[in-house]
Amino acid sequence: MSYIEVSMQIAPFSEESAEIVMATVEELGFESFTVEEPFLKGYIKKEDFSAHHLKCMLSFFDRTSGFKVDWSANLVQDENWNKVWESNFEPIVIDNECTIKASFHKGLPLTRYNITIEPRMAFGTGHHQTTELMVKWLFKIGEWRAAQTGAKEKHLRGLQVLDMGTGTGILAILAAKMGAVRAVHAIDVDIAAVNSAKENVWKNRMHRATTILYGDASLIQASKYDLILANINRNILLDDMATYARGLRSTEEVSFSRRVKSRKKSAEVALAASESDRAIMSTPAEGDSSNFTGGLLVVSGFYVEDIPMLKAEAEKNGLRYIAEMSKDGWAAVCFEK
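Residues numbered from 1 in each chain as written. Predicted model: local features only at pLDDT ≥ 70, side-chain atom pairs only at ≥ 80, totals over all residues. Heavy atoms only, no water.

Caption draft 1: A look at the nonpolar core. Grouped together as the largest cluster of nonpolar side chains are 46 residues, with contacts concentrated most on Cys 98, Trp 137, Ile 141 and Leu 174. Counting residues per element, this core draws most heavily on helix α4 (residues 129-149), at 8 residues. Apart from residues lying up to four places away in sequence, Leu 174 is in contact with Cys 98, Tyr 113, Ile 115, Val 135, Leu 138 and Phe 139. Of all hydrophobic cores here, the second largest spans 25 residues; its members include Ala 245, Val 299, Phe 302 and Tyr 321. (Core = buried A, V, L, I, M, F, W, Y, C linked by side-chain atoms within 4.5 Å. Buried < 20%, exposed > 50% of the residue type's maximum accessible area, 1.4 Å probe, protein only. Helix = DSSP H or I, 4+ residues; strand = E, 2+ residues; numbered from the N terminus. Contact = heavy atoms within 4.5 Å.)

Here it is, written out as structure tokens:
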């Protein structure tokens, strides 16, 4: 199958303008996008591509927005595309505990969690800072959970987990491997991403522990989840925050087996962030994060300067700020219901 690669040059470029363009043109049939400043690159099947429709849609920005979009299109043959992503996709190791790799990577040292994916058309291969931050948050919540239950190793046992905007399924697979209640639910609005995630959960033998669904936040059931992961983008997170909040179990609804009773214990599970990652985590002075008893929401896909906006919307919907992590200007924030 052949694809068309459309390179859209945005001037002046910003992440927000790239998101606006992406949201505008994706209805034309684009299966995935990558951002390579100042370009937004989209990939669409050759038979679905219409230069006329794309030109009409992009001309809208010249008239009504504060930026301009110039574009060009190139045919990418199947065999050439495979060579491109194989040559560009390097394995990634997070905290020496999780390795994310493709099936063609051989001879890598084993970590506790090993995830093999077929990235296909670039849905969340684990190289983006926000994916890494979300993995770190799963490990941190696993530490809190271990402290609650008296376990020696971090885990997610007893937690019902939802991965919203799952992409390749990395976070859902990791949550399942960490012992989350079966089945971990994973949702995406892109059918190509859903198919990719389904392939990857089978490849990692987590198909019995996960359920991949095609749809949006309207699929979220009320008071269902102990942990919701949403690595999407700022605008969607703001729009869907109320739905995420309703989907979380409240303090009264969550039944965890143990609480940590000692401040000393909670201090022992505080984040030891890597200076090389420039990751930070802050908790409210009165907070005891390992004592969480309500459902948790972890969101990412936005910049550090966007945190106040996300925090205000979360608090408006009954969520309490717990802590944040950041890397290279990107952020991931945890809230509790």
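Now, onward.
Caption draft 2: Representation of the sheet that holds strand β7 (residues 113-117). As summarised here, the arrangement of the 3 strands in space is β5-β6-β7, forming an open sheet in which the pairing is mixed. Edge strands, defined here as strands with exactly one partner in the open sheet, are β5 (92-94) and β7. Neighbour-to-neighbour, the strand axes of this sheet turn through a mean angle of 15°, independent of strand direction. The pairing of β5 with strand β6 (residues 98-102) spans 3 bridges and is classified as antiparallel. (Pairing = 2+ DSSP bridges. Axes fitted to C-alpha atoms, helices over the stretch in contact; angles between N-to-C directions.)

Caption draft 3: Representation of the side chain of Lys 140 in the model. The residue Lys 140 is located in helix α4 in this model. For Lys 140, the side chain forms a polar contact with the side chain of Glu 143, separated by 2.5 Å. (Polar contact = N/O pair within 3.5 Å; in protein donor to acceptor, adjacent residues only side chain to side chain.)

Caption draft 4: Summary view of the sheet that holds strand β2 (residues 32-36). Strand order across the open sheet formed by 4 strands is β2-β3-β1-β4, with antiparallel pairing between neighbours. Since the sheet does not close on itself, it has two edges, and those belong to β2 and β4 (68-76), each with one partner. Pairs of neighbouring strands in the sheet enclose a mean axial angle of 20°, with direction left out of account. Relative to β4, strand β1 (residues 3-11) is paired through 9 bridges, and the arrangement is antiparallel.

Caption draft 5: Up close: the packing of helix α1 (residues 15-25) against helix α2 (residues 51-64). Interhelical geometry of α1 versus α2 gives an angle of 145° and a closest axis separation of 10 Å. Like other packed secondary-structure pairs, α1 and α2 cross with a definite hand, here right-handed. Two secondary-structure elements touch here, α1 through Ile 20, Val 21, Thr 24 and Val 25 and α2 through Leu 54, Met 57, Leu 58 and Phe 61. The class makeup of the residues in the contact of α1 with α2 is 7 nonpolar, 1 polar and no charged. (Left-handed = near helix turned anticlockwise from the far one by under 90°. Nonpolar A, V, L, I, M, F, W, Y, C, P; charged D, E, K, R; others polar.)

Caption draft 6: Highlighting the pairing of strand β3 (residues 39-45). Counting buried residues along β3, 6 of its 7 residues qualify, which places the element largely inside the surrounding structure. Here 7 bridges tie β1 to β3, and the two strands are oriented antiparallel to one another. For Tyr 3, the partnering residue across the bridge sits in β3 and is Lys 45. As paired strands, β2 and β3 are joined by 5 bridges and run antiparallel to one another. Directly across from Phe 33, in β3, lies its bridge partner Gly 42. Counting the residues that bridge the hairpin from β2 to β3 gives 2 residues.

Caption draft 7: Spotlight on the pattern of salt bridges. Under the criterion given, the structure shown has 11 salt bridges. For Glu 16, the salt bridge identified is with Arg 234, shortest N-O distance 3.1 Å. Taken together, the positions of Glu 16 in helix α1 and Arg 234 in helix α7 (residues 234-247) put the pair 218 residues apart, joining distant regions of the chain. A residue is classified by how much of its surface remains accessible, and Glu 16, at 40% relative accessible area, is partly exposed. (Salt bridge = Lys/Arg side-chain N within 4 Å of Asp/Glu carboxyl O.)

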